[in-house]
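Chain by chain, the residues:
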Amino acid sequence: RRFDYRPKTDPYCQARYTFCPTGSSIPVMKEEDVIEVYRLQAPVWEFKYGDLLGHLKIMHDAVGFKSSLTGRNYTMEWYELFQLGNCTFPHLRPGMDAPFWCNQGAACFYEGIDDAHWKENGTLVLVTTISGTMFNEMAKWVKYDNETGIYYETWTVQASPEKQSIVWFDSYECSKFIQRTYEKLADLGAIFKKVQTNYTSIILFSGEPIYLGNETSIFGPLGNRTLAAAIRDFYDPFKPHRTVGKFFMDLLKIIDRVILNREFYLFYNLEYWFLPMKFPYLKIIYEEVPLPTGSKTWLGV
């Protein structure tokens, strides 16, 4: 869903690591510039855990640019303002009936490409070459995309593991931004190399979802108190844990609700849905999504 504007974030939402700490505005390139475009991928939280999540194929995606005229490199990515946990599960704040979400995501653009970061356990590969004019048009699109597509969504929800399965809900995270960027460049005339491109998806498997309502209709003065209590109770075990013992107690509650009782409450586009869960319940896949084939022909490169 596209939104008319990006709301201000609540001071309650705090990130352990600053979002886009060295970010800068996207430069205007000279029309005659020739710019190399790179596919960038590395394990999530590599700076803290190294290749640990890479073994599970939980990868973060970005795109790099190199100007032939200036020799300068740039990195562009899209990720959570307040880390992944806050985007995936809400806070249950005292005195507030409704779960409180810190789930915005945004684009980050900065000068430089950290070659070691992307190459050591991931990918840094040239995928296409564009003109300065195409880059500038892409920059306008990034501004629009960033101002209207504002909420991070971790989960993809499908009816089954089969390839042609119904997708009830699609995720909205870093890899989807990179895929949209490639598609925009293809629309502008970029011709991509034959490079295999795989992306991570975290999939929940569910029967047909049941619409429950929004925050007002469920948690408001005229809301459904029974349903409101059930949603709060579902999210409670997902809160941050201070002790190992409490973590394992809550893990048992999660297994009981999601697997044994086959229940999951999804918050998507500011609305709540009930998911009747199905085997295998959850799966992490690392699947190929081919680079786009352009819809226009560009002869500048």
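As recorded by an unreviewed UniProt entry, the chain carries the name Bis(monoacylglycero)phosphate synthase CLN5 and is attributed to Trogon melanurus.

### Brief notes about the side chain of E173
Looking at the secondary structure, you find E173 in the loop between β7 (167-169) and α5 (174-188). Buried E173, no salt bridge; nearest opposite-charge side chain is K176, N-O distance 4.4 Å. With sequence-adjacent residues up to four places away left out, E173 is seen in contact with W78, Y152, E153 and T200.

### Details of the state of the cysteines
Within this structure, the stated rule accounts for two disulfides. With a sulfur-sulfur separation of 2.1 Å, C13 is cross-linked through a disulfide to C102. Looking down the S-S bond of the C13 and C102 bridge, the torsion is -85°, so its handedness is left-handed. Of this pair, C13 sits in the segment before β1 (34-43) while C102 sits in the loop between α2 (83-88) and β4 (105-111), and the two are 89 residues apart along the sequence. Among the residues examined, C13 registers a relative accessible area of 7% and is labelled buried. Residue pairing for C20: its cysteine sulfur links by disulfide to C108, the two sulfurs lying 2.0 Å apart. What sets the handedness of the C20 and C108 disulfide is the S-S torsion sign, and at about 80° it is right-handed. Linking C20 in the segment before β1 with C108 in strand β4, this pair joins segments that are 88 residues apart in sequence. When sorted by exposure, C20 lands in the same class as C108, which is buried. The connectivity of the disulfide-linked cysteines in the chain, indexed sequentially, is 1-3, 2-4. You can see C87 has no disulfide; the closest cysteine sulfur is in C102, sitting 8.5 Å from it. Take C174: it sits in no disulfide, and the sulfur closest to it among the cysteines is that of C87, at 11 Å.

### Focus: helix α8 (residues 244-260)
With 17 residues, α8 extends 23 Å from end C-alpha to end C-alpha; this agrees with the ideal 24 Å at 1.5 Å per step. By the burial criterion, the buried members of α8 are D250, I254, R257 and V258. The buried residues of α8 occupy one face: seen down the axis, they fall within an arc of 80°. When the buried face of α8 is taken as reference, the exposed residues oriented beyond 90 degrees from it are V244, M249, L252 and L260. Against α7 (225-235), β10 (263-268) and β11 (271-288) lie the buried residues of α8. R262, located one to two residues past α8, shows a positive phi value of around 55°.

The rules we used
- Residues numbered from 1 in each chain as written.
- Predicted model: local features only at pLDDT ≥ 70, side-chain atom pairs only at ≥ 80, totals over all residues.
- Heavy atoms only, no water.
- Helix = DSSP H or I, 4+ residues; strand = E, 2+ residues; numbered from the N terminus.
- Buried < 20%, exposed > 50% of the residue type's maximum accessible area, 1.4 Å probe, protein only.
- Lys, Arg positive; Asp, Glu negative; His and termini not counted.
- Salt bridge = Lys/Arg side-chain N within 4 Å of Asp/Glu carboxyl O.
- Contact = heavy atoms within 4.5 Å.
- Disulfide = S-S within 2.5 Å.
- Expected span 1.5 Å × (residues − 1).
- Arc of directions from axis to C-beta.

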